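# Residue-level structure breakdown
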Amino acid sequence: METRWVTVDGVNLPLPETCTADEIRSALHKPDDAALIAVTGDLVSVVHEEERPLAEMVAGCADAYYFKRPSEAARNDVLAAPEIETALTDPTTDETTFRLPGIDH
């Protein structure tokens, strides 16, 4: 099993490739209502499927992850993206992915 280093809420941690959002939440003692947000280059993914390995989704390629609770104030520009609230309110797939706000392509 391969392990890589990622940043979760500002802390560098080893993350096994088979890890799920639920396993990260449990290991870091995050609240059950906190959504996992993944940042991969200029893509942001809101993970809706808690039991699926992140490696099977775009979120598995992320370098940085954040946990965001409902109605929590934005801690950075990524977590302030209005697309996150939309994704949390109306999830349609295992993850919702969109381009990082403010980047011209």
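Residues numbered from 1 in each chain as written. Predicted model: local features only at pLDDT ≥ 70, side-chain atom pairs only at ≥ 80, totals over all residues. Heavy atoms only, no water.

Here the focus is the nonpolar core. Counting residues in each nonpolar core, the largest one holds 16 residues, and the members touching the most others are I24, L36, V47, L54 and Y65. With residues up to four places along the chain from it excluded, the contact list for L36 reads A21, I24, R25, S45, V46, V47, L54, Y65, Y66 and F67. By size, the runner-up hydrophobic cluster in this structure holds 14 residues, among which are A35, V39, V46 and Y66. (Core = buried A, V, L, I, M, F, W, Y, C linked by side-chain atoms within 4.5 Å. Buried < 20%, exposed > 50% of the residue type's maximum accessible area, 1.4 Å probe, protein only. Contact = heavy atoms within 4.5 Å.)

In this structure the tally under the stated criterion is 9 salt bridges. A salt bridge links D9 to K30; the nearest nitrogen and oxygen atoms lie 2.9 Å apart. Placement of the pair is D9 in the loop between strand 1 (3–8) and strand 2 (11–16) and K30 in the loop between helix 1 (21–27) and strand 3 (35–40), with a sequence separation of 21 residues. Residue E50 pairs with R25 through a salt bridge whose shortest N-O separation is 2.3 Å. Highlighted residues: E50 in the loop between strand 4 (43–47) and strand 5 (64–68) and R25 in helix 1, separated in sequence by 25 residues. (Salt bridge = Lys/Arg side-chain N within 4 Å of Asp/Glu carboxyl O. Helix = DSSP H or I, 4+ residues; strand = E, 2+ residues; numbered from the N terminus.)

Its identity is not glycine, yet H29 carries a phi of approximately 60°, on the positive side. Residue position: H29 is located in the loop between helix 1 and strand 3. Notably, S71 is not glycine yet its phi reads approximately 65°, a positive angle.

In this structure, E95 sits in strand 6 (residues 95–99). With a relative accessible area of 14%, E95 lands in the buried category. The spacing of E95 and E49 is 46 residues in sequence and 6.8 Å in space, taken between C-alpha atoms. With sequence-adjacent residues up to four places away left out, E95 is seen in contact with S45, V46, V47, H48, M57, V58 and A59. One polar contact links E95 to S45, side chain to side chain, over a distance of 3.5 Å. At 2.7 Å, the side chain of E95 and the backbone nitrogen of V58 are in polar contact. (Polar contact = N/O pair within 3.5 Å; in protein donor to acceptor, adjacent residues only side chain to side chain.)

Turning our attention to the side chain of E95. For the buried E95, no salt bridge is present, and the opposite-charge side chain at shortest range is R52, 5.9 Å distant. Of note is the side chain of E95, whose polar atom sits 3.2 Å from the backbone nitrogen of A59. (Lys, Arg positive; Asp, Glu negative; His and termini not counted.)

The next subject is the side chain of S45. Note on placement: S45 falls in strand 4. The contacts of S45, once residues within four sequence positions are left out, are L36, I37, A38, V58, A59, E95, T96 and T97.

With that settled, the discussion passes to the confidence of the model for the chain. Averaged over all residues, the pLDDT of the chain equals 90, while 94% of them reach at least 70. Per-element averaging of pLDDT across the chain places helix 2 (residues 82–89) at the bottom with 90 and strand 5 at the top with 96. (pLDDT = per-residue confidence, 0-100.)

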